[in-house]
Amino acid sequence: MILGCHVNFTNEQLLGSTKQALSYGANAFMFYTGAPQNTIRKSLDRDLTKQAWSLMKENGIDLKNVICHAPYIVNLANNKDEEKWQFSINFLKQELSRCKELGISYIVVHPGSAVGIEREIALQNISAALNFIIEEDAPMILLETMAGKGTECGCTLEEIKTILDGVHSNHIGVCLDTCHMNDAGYDVRDFDALLEEVDKVIGLKIVHCVHLNDSKNVRGAHKDRHENVGLGTIGFVSLYNVVQHEKLKDVPKILETPYVDRMYPPYKFEIESLKAGRENSQLLSDIMNFYK
Ligand code: FE
Ligand code: FE
Ligand code: ZN
């Protein structure tokens, strides 16, 4: 089971992220190279990176299961403000080279929001931007499936496919987010059928990451509010089915579930119960008692 969670990129950079992941019992993890809501980035410390790599090696974390997430203010869809669009492109290029320095293989990117322009054009803009950004020897960009909140692009497999078709490179993949797919209208509870559709539309072999989240909202709500494992509308059994699915056995599953009371990370307990295949009926109180 390749299972981990979102962690912080601390003052110790990737070393700090690795330590945090290990404290949760994770063998995979995802991080932002700085604050997710801005693009201010510190330079990387080679020494900390090397220490992170050896700590991973000692503990059986494979670097290919360590994923970076681009900040969500990057928007490749709207080029009406040419300067902003260029900024997003340049920032992602820099982010790719930072990831390369860290030895990372994959970076998850939200396709973008159309905000005020036609959807079809927005999808074309995303492909055009990706054509500027993608480099064969840089880490691979994974487009995340979105919930369809507001004017978000990439909330159907067909839209993702349209973006991919406009990219002149095969060095691109996809990240499936269970909460987003549920909110976009897909039935995560019938995961076999969903995977078949994924395979038919975009091809299962380009899926290199799964975001494992329960959802606070009903299927098709177009909301995007993540819930702790087992406490949402997708439920423990269905999420467990995703984690241990044979067809995704080499793909890292990353929890992006909310902190309890905004303070206590749920990951140690969520990972424990998913590993055991048993729902923890006292998840929230266990988490609070542990950190209090
Ligand atoms: Fe995301
Ligand atoms: Fe996600
Ligand atoms: Zn989300």
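The paragraphs below set out a description of the structure included in this document. On a predicted model such as this, the values are computed, not experimentally measured, just so you know. Along every chain, residues carry numbers that run from 1 in the direction the sequence is written. Here chains are named by letter from A upward and ligands by number from 1 upward, in the order in which they appear as written. Only residues with pLDDT of at least 70 are given local features in this predicted model, and only at 80 or more are side-chain atom pairs given and counted; all residues enter the totals for whole chains, interfaces and linings. Values shown for side chains rest on all heavy atoms present in the structure; no hydrogens or waters enter the calculation.

In terms of helices and strands, the protein chain carries ten helices and ten strands. Taken against the 2.2 N^0.38 rule, which gives 19 Å for 292 residues, the C-alpha radius of gyration of the protein chain at 18 Å falls within 12% of a compact globule. By principal-axis analysis of the C-alpha atoms, the protein chain measures approximately 50 × 45 × 35 Å. Throughout this description, buried means an accessible area under 20% of the type-specific maximum (1.4 Å probe, protein chains only), exposed means over 50%, and partly exposed covers the range between. A total of 292 residues make up the protein chain; the buried ones form 56% of that total. By the convention used here, residues are in contact when the closest approach between their heavy atoms is within 4.5 Å. Sequence separation of 24 or more characterises 76% of the internal contacts of the protein chain that already satisfy a separation of 6 or more. Residues scored as charged are limited to Lys and Arg (positive) and Asp and Glu (negative), so that His and the chain ends carry no count. Lysine's charge is taken at NZ, arginine's at CZ, aspartate's at CG and glutamate's at CD. Averaging the positions of the 30 positive and the 39 negative side-chain charges in the protein chain gives two centres separated by 3 Å. By the criteria applied, helices consist of DSSP H or I runs no shorter than four residues and strands consist of E runs no shorter than two, each listed in order from the N terminus. The reference for a compact globule is 2.2 Å times residues^0.38; the radius of gyration itself is calculated from the C-alpha atoms.

The donor set covers N, O and S atoms within 2.8 Å of the metal, switching to 3.2 Å for Na, K and Ca, and it leaves out water, so a site may look short of donors. Binding of the iron ion (ligand 2) to the protein goes through Glu144 (OE), Asp177 (OD), His211 (ND1) and Glu256 (OE), at separations of 2.1 to 2.2 Å. Donor angles set the geometry label: tetrahedral for four donors if every angle is between 85 and 135 degrees, square planar for four and octahedral for six if opposite donors exceed 155 degrees and the others are between 65 and 115, irregular for anything else. Metal-centred angles of 83 to 169° between the four donor atoms at the iron ion (ligand 2) mark the site as irregular. All donors of the iron ion (ligand 2) come from a single chain, and their spacing in sequence reads E-x32-D-x33-H-x44-E. Metal-to-metal, the separation of the iron ion (ligand 2) and the iron ion (ligand 1) is 3.2 Å; Glu144 coordinates the two. Residue Glu144 is found in strand S5 (residues 140-144), and its partner Glu256 is found in the loop between strand S10 (253-255) and helix H9 (267-276); the two are separated by 112 residues along the sequence. The exposure class assigned to Glu256 is buried, which follows from its relative accessible area of 15%.

It is worth spelling out the side chain of Ser17 at this point. Here Ser17 lies in helix H1 (residues 13-23). For Ser17, the residues in contact, after removing those within four places along its chain, are Val7, Asn8, Phe9, Phe29 and Phe31.

Counting buried residues in H9 gives seven out of ten residues, a clear majority hidden from the surface. For H9, the set of buried residues is Tyr267, Lys268, Phe269, Glu270, Ile271, Ser273 and Leu274. Its buried side turned inward, H9 meets strand S1 (3-6), H1, strand S7 (207-212), helix H8 (236-243), S10 and helix H10 (283-291). Positive phi shows up at Gly277, right after H9, with a value of about 70°.

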